[in-house]
Amino acid sequence: MNNEEHDPKNIKYGLIVVDSTQEGEMLDILHFVGYWNKPTNVDADSLREELMTDEEFGLTEIAHRLDILPAPDNIVQEYVKEIIENE
């Protein structure tokens, strides 16, 4: 694979992490991970493990109640746009 394939501008999929106890229609996205290929259950499981063990994310205390969901296209596009603007 070449570097162009793994350019952050080419991210097409994502997983978002939300707090399952949050109420309302607009959930806060606590974490986003972008993918070039459609993420699998293994990717979601790896992300959950990382959130439970890596204190850098600041979510270890609540990781047990977090939901990991496929990111809607508009969310993926928003994050890609933010990456491009911050280059």
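Here the residue numbering is sequential within each chain, running from 1 through the sequence in written order. Selection of residues for local features in this predicted model requires a pLDDT of at least 70, selection of side-chain atom pairs for listing and counting requires 80 or more, and totals for whole chains, interfaces and linings are taken over all residues. For side-chain calculations, the full set of non-hydrogen atoms in the structure is used, while hydrogens and water are omitted.

### Some words on helix 1 (residues 41–53)
This is how the line gets drawn: Working definition: helices are DSSP H or I runs of at least four residues, strands are E runs of at least two. Numbering for both runs from the N terminus. For a helix, the expected span equals 1.5 Å multiplied by the number of residues minus one. Only protein chains enter the calculation, and the probe is 1.4 Å; a residue is then buried if its accessible area is under 20% of its type maximum, exposed if over 50%, and partly exposed in between. By construction, the arc corresponds to the directions joining the helix axis to the C-beta atoms. Any pair of residues with heavy atoms lying within 4.5 Å of one another is described as a contacting pair. Polar contact is the term for a pair of N or O atoms within 3.5 Å; when the atoms are in protein, one must be able to donate a hydrogen and the other to accept it, and sequence-neighboring residues count only if both atoms are side-chain atoms.
With 13 residues, helix 1 extends 18 Å from end C-alpha to end C-alpha; this agrees with the ideal 18 Å at 1.5 Å per step. Among all positions in helix 1, only Ala-44, Leu-47 and Leu-51 are buried. All buried residues of helix 1 project into a common sector of 60° when viewed along the axis, lining one side. Turned more than 90 degrees away from the buried face of helix 1, the exposed residues are Val-42, Asp-45 and Thr-53. Along its buried surface, helix 1 packs onto strand 1 (13–19), strand 2 (31–35) and strand 3 (66–70). In this structure Thr-40 caps helix 1, since a side-chain oxygen of it lies 3.3 Å from the backbone nitrogen of Val-42.

### Topic: the environment of Asp-73
With respect to the helices and strands, the residue Asp-73 is situated in helix 2 (residues 73–85). With relative accessibility at 56%, the residue Asp-73 sits in the exposed group.

### So, the packing of aromatic side chains
We describe a pair of aromatic rings using the distance from one ring centre to the other and the angle between the two ring planes. Let me state the cut-off plainly: Stacked, edge-to-face and tilted labels apply to pairs of Phe, Tyr and Trp rings (six-membered ring for Trp) whose centres lie within 6.5 Å, assigned for plane angles under 30 degrees, over 60, and everything in between, in that order.
Applying the stated criterion to the full structure yields one aromatic pair. Centre to centre, the rings of Phe-32 and Tyr-79 are 4.1 Å apart; their planes meet at 5°, and the pair counts as stacked. With Phe-32 in strand 2 and Tyr-79 in helix 2, the pair connects residues that are 47 residues apart, well separated along the chain.

### Some thoughts on the environment of Thr-53
If you trace the backbone, Thr-53 turns up in helix 1. Counting along the chain gives 10 residues from Thr-53 to Ala-63, while the straight-line C-alpha distance between them is 8.9 Å.

### Re the side chain of Asp-19
Along the chain, Asp-19 falls in strand 1. Here the side chain of Asp-19 touches Thr-21 through a polar contact of 2.7 Å, side chain to side chain. Each residue touching Asp-19, except ones within four places of it in the same chain, is listed here: Leu-30, Ile-62, Arg-65 and Leu-66.

### As for the sheet that holds strand 1
To keep things clear, this is the line we draw: One requirement defines pairing of two strands: DSSP has to find at least two bridges between them. Orientation is described by axes fitted as lines to C-alpha atoms, over the contacting stretch for helices, and by angles from 0 to 180 degrees between their N-to-C directions.
Strand order in the open sheet formed by three strands is 2-1-3, with antiparallel pairing between adjacent strands. In the strand order of this sheet, the two ends are held by strand 2 and strand 3, each with one partner. The mean angle between the axes of side-by-side strands here comes to 20°, regardless of whether they run parallel or antiparallel. Sheet analysis places strand 1 next to strand 2, joined by five bridges and oriented antiparallel. Considered in strand 2, the bridge of Leu-15 is made with Val-33. With respect to the sheet, helix 1 is in contact with strand 1, strand 2 and strand 3, its orientation differing from that of strand 3 by roughly 150°.

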